[in-house]
Amino acid sequence: MEGVQAIRRGFVGVGIVLLGLLLTGIPHFAVAQASNAISVRVVDKAGYDKAIAAYKGKVVVVDCWATWCNPCRKAFPQTVELSKTYASKGVVVVSLCFDNPVKGQASDAVKKFLTTSNATFENLLSSVDISEDGADVFEIPDGALPHFKIYGKDGKLFKTFQSGEGKEFTHEEIEAAVKAAVKAP
């Protein structure tokens with residue numbers, strides 16, 4: 001009987017130690033998770049312009065995309081990689097999604113895609129549908145996605161890459177334009 005009680009006390013002691021370790025680890029885990037959280041902000045054109053202006057002095061690459069656009073989803077990992085590769089060279093990546101907001105927020109599909117893509121840069125969601133006024137408001141010819149905009153350090157549009165009939169571009173071309181924008185005064 002005494003042996004069983006000793007074993008129980010041992011289990012209780014181990015349980016308390018494990019609980020203590022678990023509880024001390026929770027704040028650290030929560031902080032780590034929060035720092036990796038992906039957020040999406042719904043913007044109109046003025047909000048978009050303000051977001052871009054906030055990066056004046058840096059080269060800004062904007063990836064205009066949507067979850068329903070297969071070429072967009074396929075190319076997005078290269079955008080994430082471009083962000084990592086050029087961050088130390090003064091380049092900022094911003095994504096501008098054209099999925100419809102759900103109750104004024106990004107849909108679960110958008111959040112899941114950005115999270116699984118590890119899109120830790122600024123993520124925006126257009127408040128205007130691309131098929132309605134969004135294409136005109138954001139100056140995307142024919143509303144064709146994917147579409148990229150590169151802004152120079154002066155905050156002005158440096159180069160665009162358009163999709164559509166007879167218009168294709170590669171990430172190598174985008175990267176070359178980024179390099180040129182970084183070198184530009």
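Nothing here was measured: the structure is a model prediction, and the numbers come from that model.

1. Some details on helix 6 (residues 171–183)
So, step 1. Here helix 6 is 13 residues long and its end C-alpha atoms lie 18 Å apart, about the 18 Å a rise of 1.5 Å per residue gives.
So, step 2. Of the residues making up helix 6, those classed as buried are His171, Ile174, Ala177, Val178 and Ala181. The arc that holds every buried residue of helix 6, seen down its axis, measures 115°, which confines them to one face. Those residues of helix 6 that are exposed and aimed more than 90 degrees away from the buried face are Glu172 and Lys183.
So, step 3. Buried residues along helix 6 sit against strand 2 (59–65), helix 3 (70–86), strand 3 (91–97), strand 5 (147–151) and strand 6 (157–161).

2. Examining the side chain of Ser83
So, step 1. One can find Ser83 in helix 3.
So, step 2. Discounting chain neighbours no more than four positions away, the residues touching Ser83 are Val93 and Phe121.

3. Some words on the packing of aromatic side chains
So, step 1. Inspection of every chain in the model, using the stated rule, returns eight aromatic pairs.
So, step 2. An angle of 55° between the planes, with centres 5.2 Å apart, marks the rings of Trp65 and Phe76 as tilted. Taken together, the positions of Trp65 in strand 2 and Phe76 in helix 3 put the pair eleven residues apart, joining distant regions of the chain.
So, step 3. Judged by relative accessible area, Phe76 falls into the buried class, the value being 0%.
So, step 4. These aromatic residues form a ring-pair network of at least three members: Trp65, Phe76, Phe113 and Phe121.
So, step 5. Positioned above the aromatic ring of Phe161, the side-chain terminus of Lys159 is 5.3 Å from the ring centre.

4. Side note on the nonpolar core
So, step 1. By size, the foremost hydrophobic cluster in this structure holds 48 residues, and its most contacted members are Tyr48, Val62, Leu96, Leu114, Leu145 and Ile150.
So, step 2. The residues contacting Leu96, other than those within four sequence positions of it, are Val43, Tyr48, Val62, Asp63, Cys64, Trp65, Leu124, Leu125, Ser126 and Phe138.

Conventions we followed
- Residues numbered from 1 in each chain as written.
- Predicted model: local features only at pLDDT ≥ 70, side-chain atom pairs only at ≥ 80, totals over all residues.
- Heavy atoms only, no water.
- Helix = DSSP H or I, 4+ residues; strand = E, 2+ residues; numbered from the N terminus.
- Expected span 1.5 Å × (residues − 1).
- Buried < 20%, exposed > 50% of the residue type's maximum accessible area, 1.4 Å probe, protein only.
- Arc of directions from axis to C-beta.
- Contact = heavy atoms within 4.5 Å.
- Phe/Tyr/Trp six-rings, centres within 6.5 Å; stacked < 30°, edge-to-face > 60°.
- Lys NZ or Arg CZ within 6 Å of the ring centre and 35° of its normal.
- Core = buried A, V, L, I, M, F, W, Y, C linked by side-chain atoms within 4.5 Å.

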